[in-house]
Amino acid sequence: MYQDLADLDRPAQEGPRLGGVRDIKGRIGVWRALLDRPLTSYYLVLGITTLLLGLGLVMVQSTASVADLTAGLSPYSDFKKQLLGAAVGLPLMWVAARSSPRLFRAFAYPLLAVSVVGLCLTLIHGVGVSQNGASRWIEIGGQQVQPSEIAKLALAVWGADLLARKEKLGQLADWRHMLVPLMPGTGVLCLLVMTGDDLGTTFILLIIFLALLWVIGTPGRVYSGLLILMALAMVLMIVSASYRFERLVGYLQPQGSATGAHMQSIQGKYAVGSGGWFGVGLGASGGKWGWVPESTTDFIFAIIGEELGLVGTLCVTALYGGLAFAGLRIARRVPDLFCRLGATAITAWIVVQAAINIGAVIGVLPITGVPLPLVSAGLSSLLVTLIGLGMLMSFARMEPGAREALAARGPGWPLRVLSWLGLSKRRK
């Protein structure tokens, strides 16, 4: 009798469980359906870019105001520059997103030439602008421009165009055509950047180079040989400068005074750790008052951790993870080889740079001095990154079904605004 009652009772207990499982499966199916839509990558890149840019403006104002007041400037001085970069960069990103990949390919060689000329100008005494013993900038119209940032975009576009042309001619069956002239061109850019004492940017250029070779299908033995060669070159560049060697030693043996030679790494970790779960509050950081060097650029993530806590840092990390997902999704789905190569190179550049910056702040990687994309202060980095993301959005519009989805959506908001004003009608 008791057994019969138990048997009768069992379905009543298992029913809700099965319903809950079906509920979860249904929700997963809805999310997968959303991710499978043609314009998902496009809106992911747009949304993540907007969020990171907004966070960057807030954090630059929070951190740079202290340095500006110390220098006797307006507390909004650096914020105005960053806001100017956003005001100029967003329209450029929109233009890039609406442009055809053929336009990018037309600018491949001119952009490479501009970056090479700019890097050469930084080496000329009286033309190049030096800071902290490194000459990496030139001054144009009262604003400092960093040509090494342009070199990242130039290598991604030129390398993608070069390999796409060689593939069309059927030359990539021979691995030597994969490396020439891509490898010498990358070497020239790296040499010019290293002459300005910028190891971090040199490493990012090598990442772009490796990403292009990976997508094009370089043989494993050739790829492994290149990795070994680049690792040896990086070691030589590190030991050739005493301060870079000291950074490596400080990373391998994290000891010393909090105000000594390894102050930046130690104070950065102090700032991140003092934020707790939810941070001390926006604008309430103590590390930005001279304790964390380069708090507006290379170590702005430390101030994010202090003011916004672990939750804030995880959200920022998740945004870059979402950008990696969107970029690789675009590279996987687009049919055109140039778009696939360009999407992979741009995604690798921005995401790996973010990972290196965050890793250096929390102490899992050596300090290399690269900014946090879209968040750190810096006009050149912001503009070039926004243009690169605009190109990524343009590639997303080439995905299967994207054109039909855009056509079904109707005219964009600029055309709708013009139509409301009665200015969108064509003259007969």
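Here goes a summary of the coordinates provided. (Residues numbered from 1 in each chain as written. Predicted model: local features only at pLDDT ≥ 70, side-chain atom pairs only at ≥ 80, totals over all residues. Heavy atoms only, no water.)

**Regarding the overall build of the protein chain**
Rules: Runs of H or I in DSSP of at least four residues are treated as helices and runs of E of at least two as strands, each being numbered from the N terminus. Exposure categories follow from relative accessible area, calculated using a 1.4 Å probe and restricted to protein chains: below 20% of the type maximum is buried, above 50% is exposed, and the middle band is partly exposed. Two residues qualify as a contact provided that any one of their heavy atoms is within 4.5 Å of a heavy atom in the partner residue.
Secondary structure summary: the protein chain contains 17 helices and three strands in total. Every one of the 428 residues in the protein chain was classed for burial, and the buried ones make up 45%. The long-range fraction of contacts in the protein chain, counting pairs at least 24 apart against all pairs at least 6 apart in sequence, stands at 71%.

**Quick word on the layout of surface pockets**
The cut-off we apply is this: Here a cavity is any set of points on a 1 Å grid over the protein atoms alone where a 1.4 Å probe fits but cannot get out, and a pocket is any open set with protein on both sides within 12 Å along at least 5 of 7 lines; a residue lines the site when it has an atom within 4 Å of a point. Grid points are joined across faces, edges and corners, and a volume is the space filled by probe spheres set on the points. Gly is placed with the polar residues, together with every amino acid not listed as nonpolar (Ala, Val, Leu, Ile, Met, Phe, Trp, Tyr, Cys and Pro) or charged (Asp, Glu, Lys and Arg).
Here the second largest pocket is characterised by a volume of approximately 580 Å³. Lining the second largest pocket are 22 residues, with L92, L111, L153, V384 and I387 sitting closest to its centre. Those elements that place two or more of their residues in the lining of the second largest pocket are helix 3 (77-98), helix 4 (101-106), helix 5 (108-121), strand 3 (143-145), helix 6 (147-168) and helix 15 (379-396). Among the elements that take part in the lining of the second largest pocket, helix 15 stands out by supplying six residues, more than any other. Considered class by class, the residues forming the lining of the second largest pocket number 18 nonpolar, four polar and no charged.

**A few points about the pattern of salt bridges**
Heads up, the rule is: A carboxyl oxygen of Asp or Glu within 4 Å of a side-chain nitrogen of Lys or Arg is what we treat as a salt bridge.
Evaluation of the coordinates by the stated rule reveals eight salt bridges. Of the charged contacts, one joins D161 and R105 as a salt bridge, the two residues approaching to 2.7 Å between their closest N and O atoms. Pair noted here: D161 is in helix 6 and R105 is in helix 4, with a separation of 56 residues, a long-range link. Residue D161 is classed as buried on the basis of its relative accessible area, which comes to 0%. Of the charged contacts in the structure, one is a salt bridge between E149 and K152, with a shortest N-O distance of 3.2 Å. Of this pair, E149 and K152 both sit in helix 6, three residues apart, which is roughly one turn of that helix. For E149, a relative accessible area of 2% translates into the label buried. Look at K152 and you get buried, because its relative accessible area is 0%. Among the ionic contacts, a cluster of salt bridges with common partners joins R105, D161 and R165.

**Focus on unusual backbone geometry**
Note: most residues except glycine have negative phi, and most peptide bonds are trans. A cis amide bond links V180 to the next residue, P181, at an omega of 5°. The topology assignment puts P181 in the loop between helix 7 (175-179) and helix 8 (182-195). Phi angles above zero are rare outside glycine, and L374 is one such case at about 70°. Locating L374 in the fold gives a position in the loop between helix 14 (337-362) and helix 15. The class for L374 is buried, based on a relative accessible area of 2%.

**Digging into the environment of A402**
Summarising the element assignment, A402 is placed in helix 16 (residues 402-409). Between the alpha carbons of A402 and P38 there is a distance of 4.9 Å; along the sequence they are 364 residues apart. With near-sequence residues (within four places) excluded, A402 lies in contact with P38, L39, A396 and R397.

**Quick look at the pairing of strand 2 (residues 134-140)**
Quick note on the threshold: DSSP-based pairing: two strands are paired if at least 2 bridges between them are found.
In this structure, strand 1 (residues 128-131) lies alongside strand 2, joined through four bridges in antiparallel fashion. Across the sheet, V129 pairs through a bridge with W137, a residue of strand 2. Pairing of strand 2 with strand 3, which is carried by three bridges, proceeds in the antiparallel orientation. Across the sheet, I138 pairs through a bridge with V145, a residue of strand 3. Between the end of strand 2 and the start of strand 3, which pair antiparallel, lie two residues, with G141 showing a positive phi angle near 60°.

**Some details on helix 8**
This is how it is decided: By this rule, a helix spans an expected 1.5 Å times one less than how many residues it contains.
Between its first and last C-alpha atoms helix 8 spans 20 Å; for 14 residues at 1.5 Å apiece the expected length is 20 Å, and the two agree. Inspection of helix 8 places L182, G185, T186, L189, C190, L192, V193 and M194 among the buried residues, and these make up the whole buried set. Elements in contact with the buried residues of helix 8: helix 5, helix 6, helix 7, helix 9 (199-216), helix 10 (220-239) and helix 11 (242-252). Note on helix 8: the residue one or two positions beyond its end, D197, has a positive phi of about 60°.

**Looking at the packing of aromatic side chains**
This is how the line gets drawn: Two aromatic rings, drawn from Phe, Tyr or Trp (for Trp, its six-membered ring), form a pair once their centres lie within 6.5 Å of each other, and the interplanar angle then sorts them: stacked below 30 degrees, edge-to-face above 60, tilted otherwise.
On inspection of all chains with the given rule, the structure shows five aromatic pairs. Considering the side-chain rings of F338 and F395, the 5.9 Å spacing of their centres and the 90° angle between planes classify their relative orientation as edge-to-face. A residue pair is termed long-range when its members are at least 10 positions apart, and F338 in helix 14 and F395 in helix 15 qualify at 57 residues. You'll find F338 and F395 in the same group, each marked buried. Aromatic ring contacts, followed pair by pair, group F104, F338 and F395 into a single cluster.

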